[in-house]
Every structure is written in structure tokens, then in C-alpha cells.
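Next come the chains, spelled out residue by residue.
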Amino acid sequence: MKVGILGAGMIVHDLLTFIHQVDGVELTAICALPEEKEKIEGMAKEHHIASTYVDYDEMLKDEQVEVVYIAVNNHLHYEMSMKALKAHKHVICEKPFTSHIEELEELNAVAKEEHLLLLEAISTQYLPNVLKMKELLSEVGNVKIVSANYSQYSSRYNAFKEGKILPAFDVTKSGGALMDLNIYNIHLLVALFGEPQHVEYQANIEKGIDTSGIITLDYGTFKAVLIGAKDCKAPIMTSIQGDQGCLVLDTPANNASRFKLLKNDKSEYDYDEQHGQHRMYYEFVEFVKIFEQKDYDRAQEMMQKSLIAMKIATLARKSAGVEFPADKR
């Protein structure tokens with residue numbers, strides 16, 4: 001799988017810490033803004049990436065690039081993914097997949113039409129510990145209450161309060177606490193339980209953007225509360241409470257590095273299926289498998305999860321009155 005990277009931010013640096021451990025991945029190009037030219041040249045030299053570009057259209061012409069990994073600001077995901085698909089490249093796009101559900105539906109339609117793979121780089125859906133949690137759901141009996149809190153005070157919030165708006169808090173760039181942190185909680189619930197019956201979001205809104213908020217999901221037989229905050233912090237904790245026990249995850253839903261099963265009879269069990277491996281490793285192992293086998297059915301299976309998650313995010317955000325410029329396209 002010959003990959004061209006679009007972007008040079010923190011998530012790309014994260015990718016480069018482990019990607020060479022994934023069999024079947026060859027990094028063939030990296031593209032960023034002209035002002036980042038020196039930066040990506042250094043990254044290319046260090047990580048043995050053959051080509052560098054400061055023009056996305058030029059990278060898309062590179063025949064050595066089979067798959068484009070898109071890791072730019074949220075509001076550009078749709079546009080950059082569409083360009084790649086139109087250039088007949090397979091696409092792996094960072095979370096959140098798009099700004100709203102209609103954009104993702106359109107991308108999916110084009111990918112199907114062009115017979116291309118379109119995948120969301122969302123670790124939560126692929127983590128062995130999350131898959132193990134799903135396997136163990138029967139151990140907690142009938143689920144009654146789910147609560148997930150991913151709150152992390154952002155240093156960018158200090159700048160935000162002083163009037164400097166960085167992408168994570170920029171409504172014009174599809175930012176906010178829901179799209180940055182709570183999206184992982186959403187994906188965790190989708191991975192474990194699928195689509196809810198009702199979605200609502202109560203948010204703390206400053207300068208048009210949600211700096212923190214609470215999503216409530218009604219699954220009929222149980223209720224869920226998802227908290228995401230960038231303007232305050234709290235212990236990160238997810239609990240899935242049933243009438244026979246509880247699953248407890250005390251790390252973020254995007255790494256889920258360990259969890260416990262607590263039974264009503266007071267027995268406790270510790271689980272860790274990941275053994276310290278980088279959280280993004282597992283998704284890329286799966287992407288290589290999908291690519292090599294051209295497994296469009298598996299890609300669509302994962303797309304359905306992404307569509308549900310994006311539907312939840314869109315309904316939640318709109319219920320709180322947060323509007324992105326992308327909503328008007």
C-alpha cells in the first residue's frame with residue numbers, strides 16, 4: 001500500500017512513530033503548505049519518504065501514490081477526500097470524517113461509483129480492547145446506563161480566551177469539543193451498540209463554538225451520556241452498567257489501553273489486549289488487509305459505522321445550535 005500523506009501536524013508526527021512497524025505500508029510522498037516545505041523535507045529524510053510536495057494537485061498526479069492519508073484541519077476533509085477520489089486514489093481520512101453527514105454520504109457515493117476504498121482513520125473502531133469489551137457485554141447483563149467522559153483542558157483554550165482562535169476552537173474550521181474529543185465517545189458507542197433512537201446535545205458555547213458539552217443518547221432499553229470538554233478537565237472514565245455488572249474504562253476511548261469487568265458478586269477481572277502498542281497501529285494493519293484484498297465489503301461495513309457516528313455528531317451539534325460554514329454548502 002503506497003501512501004501519500006497530506007498534512008504535517010501532530011497526528012502525522014504520531015503516525016510516523018509507528019507506521020514502519022506495519023507490514024505492507026510504503027510511504028511514498030508527503031504534502032503540506034509551502035511554508036512547511038523545510039519541515040516536510042526533514043520529515044521525508046528522517047522517515048525515508050521518497051517525494052515531497054507543496055501542491056496537493058501535484059501529489060495526486062504521482063503514480064507512486066495509491067492511497068492518500070488525509071490529516072489536515074476538519075473543514076478540509078471533504079474537499080481533500082473528494083479531490084483524491086476524483087484523481088482515482090483510495091482515501092484514508094482522519095476523524096472526524098467530514099463536517100456533517102451529507103458530505104460523508106456524497107463521498108461514499110463517489111467512492112462506490114469509482115470503485116475506490118474510502119476509510120476513516122478512527123482508532124476506536126479497531127482497538128482490540130474495544131472489540132473485547134463488545135465480546136464481554138453479555139457479562140454485565142442487561143445494559144441500563146452508559147457514561148463516557150473525555151475531558152481534557154486544552155492549552156489552546158487559553159489562547160481562545162485571549163482572542164486568538166486556533167483550529168480546535170474555530171467554528172469556520174469545523175472545530176469544537178464534540179468534533180475533537182466527544183467524537184471518540186460517539187465512535188465507542190457505535191462500536192458497541194450501533195445507532196441510537198434519539199440524540200441531543202447540551203453545550204457550553206463561546207464565540208459560536210462548543211468548548212464543552214453533554215450528548216445524551218437514547219437506545220430504548222438504556223440511556224447514554226457522553227461528555228467532551230476542552231475548557232475544563234476531569235478524570236477520564238467510561239462505564240457500561242448492567243444488571244449483572246459493569247465494564248470500566250479509565251483511559252480515553254481513542255486508546256482504550258485497559259479496562260475492568262466488575263461483577264455484582266464482587267469479582268473483578270482486568271483486561272489488556274493491546275500490550276502497549278500504539279493506538280493507531282491496529283487500524284492501519286486492518287487498512288493494509290482491506291487494501292491488499294480489495295475488500296470493498298469490509299470497507300463498507302466500516303463506512304456504515306462512520307455514517308452512524310457522523311449522523312450522531314451532526315444531529316447533536318445542530319440540536320445545540322452550533323453551525324459550521326460547511327452546513328451551508
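To start, this report covers the structure provided alongside it. (Residues numbered from 1 in each chain as written. Predicted model: local features only at pLDDT ≥ 70, side-chain atom pairs only at ≥ 80, totals over all residues. Heavy atoms only, no water.)

## So, unusual backbone geometry
Following Lys-95, the chain continues into Pro-96 via a peptide bond in cis, with omega recorded as -15 degrees. Tracing the chain through its elements places Pro-96 in the loop between β5 (90-94) and α5 (101-114). Positive phi is not limited to glycine here, since His-88 has a value of about 60 degrees. With respect to the helices, strands and loops of the structure, His-88 is situated in the loop between α4 (77-86) and β5. Residue His-88 is classed as partly exposed on the basis of its relative accessible area of 47%. Phi is positive for Lys-207, which is not a glycine, with a value near 55 degrees. Position of Lys-207 among the secondary structure elements: in the loop between β8 (198-206) and β9 (209-218). (Helix = DSSP H or I, 4+ residues; strand = E, 2+ residues; numbered from the N terminus. Buried < 20%, exposed > 50% of the residue type's maximum accessible area, 1.4 Å probe, protein only.)

## Things to note about the layout of surface pockets
Gaps left between atoms are located by rolling a probe of water-molecule size over the structure's atoms. Roughly 1300 Å³ of internal volume is contained in the largest pocket. As for the largest pocket, its lining consists of 44 residues, and the residues nearest its centre are Gly-9, Met-10, Ile-11, Val-72 and Asn-73. Elements supplying a minimum of two residues to the lining of the largest pocket: α1 (10-16), α4, α7 (155-161) and α8 (177-193). Counting residues per element, the lining of the largest pocket draws most heavily on α8, at four residues. Here the second largest pocket is characterised by a volume of approximately 170 Å³. Lining the second largest pocket we find Gln-125, Tyr-126, Leu-131, Lys-134, Ala-191, Tyr-282, Val-285, Glu-286, Arg-298, Glu-301, Met-302 and Lys-305. Looking at the lining of the second largest pocket, the elements that each hand over two or more residues are α6 (128-135), α9 (281-293) and α10 (296-319). It is α10 that provides the largest number of residues to the lining of the second largest pocket, a total of four residues. (1 Å grid on protein atoms, 1.4 Å probe; cavity = no way out; pocket = protein on both sides within 12 Å on 5 of 7 lines; lining within 4 Å. Points joined across faces, edges and corners; volume = space filled by probe spheres on them.)

## A few points about the environment of Asn-204
Relative to the assigned elements, Asn-204 resides in strand β8. Owing to a relative accessible area of 47%, Asn-204 belongs among the partly exposed residues under this scheme. Between the alpha carbons of Asn-204 and Ala-229 there is a distance of 9.2 Å; along the sequence they are 25 residues apart. Beyond its immediate stretch of four places on either side in the chain, Asn-204 contacts Ile-209, Asp-210, Thr-211, Ser-212, Gly-213 and Asp-231. A distance of 2.8 Å separates polar atoms of two side chains, one belonging to Asn-204 and the other to Ser-212. (Contact = heavy atoms within 4.5 Å. Polar contact = N/O pair within 3.5 Å; in protein donor to acceptor, adjacent residues only side chain to side chain.)

## Points about the sheet that holds strand β1 (residues 2-6)
Reading across the sheet, the six strands line up as β3-β2-β1-β4-β5-β6 and stay open at both edges, with parallel pairing between neighbours. Lying at the two open borders of the sheet, with one neighbouring strand each, are β3 (51-53) and β6 (118-121). Strand-to-strand twist in this sheet, taken as the mean axis angle between neighbours without regard to direction, amounts to 25 degrees. In this sheet, strand β2 (residues 26-31) lies alongside β1 in parallel orientation, the contact comprising five bridges. Each bridged residue has a counterpart across the sheet, and for Ile-5 the counterpart in β2 is Ile-30. (Pairing = 2+ DSSP bridges. Axes fitted to C-alpha atoms, helices over the stretch in contact; angles between N-to-C directions.)

## A closer look at α6
Of all the positions in α6, only Pro-128, Asn-129, Val-130, Lys-132 and Met-133 are classed as buried. Contacts made by the buried residues of α6 are with α8, β11 (237-242), β12 (245-249), β13 (259-263), β14 (268-271) and α9.

## Details of the packing of aromatic side chains
Here the structure, examined in full by the defined rule, presents 14 aromatic pairs. Pairing Phe-259 with Tyr-271 gives two aromatic rings, centres 5.1 Å apart and planes at 15 degrees, and the pair type is stacked. Here Phe-259 is found in strand β13, whereas its partner Tyr-271 is found in strand β14, with twelve residues between them in sequence. Both residues of the pair, Phe-259 and Tyr-271, belong to the buried class. Within the aromatic cluster, the residues linked to one another by ring pairs are Phe-18, Tyr-69, Tyr-126, Phe-284 and Phe-287. Sitting above the plane of the Phe-160 ring, Lys-207 keeps its charged end 4.5 Å from the centroid. A cation sits over an aromatic face here: Lys-294 above Phe-291, 3.6 Å from the ring centre. (Phe/Tyr/Trp six-rings, centres within 6.5 Å; stacked < 30°, edge-to-face > 60°. Lys NZ or Arg CZ within 6 Å of the ring centre and 35° of its normal.)

## Quick word on the pattern of salt bridges
Summed over the entire model, instances satisfying the criterion amount to 16 salt bridges. Residue Asp-57 is joined to Lys-83 by a salt bridge in which the shortest nitrogen-to-oxygen separation is 3.3 Å. In this pair, Asp-57 is assigned in helix α3 (residues 56-60) and Lys-83 in helix α4, connecting sequence segments 26 residues apart. Assessed through its relative accessible area of 39%, Asp-57 is described here as partly exposed. The partly exposed category is assigned to Lys-83, whose relative accessible area is 32%. Note that Lys-260 and Asp-270 form a salt bridge whose closest N and O atoms lie 2.6 Å from each other. Here Lys-260, found in strand β13, pairs with Asp-270, found in strand β14; they are ten residues apart in sequence, far enough to count as distant. Accessibility expressed as a relative area gives 34% for Lys-260, which makes it partly exposed. For Asp-270, a relative accessible area of 57% gives the class exposed. Through salt bridges with shared partners, a single ionic network connects Lys-95, Asp-180 and Lys-230. (Salt bridge = Lys/Arg side-chain N within 4 Å of Asp/Glu carboxyl O.)

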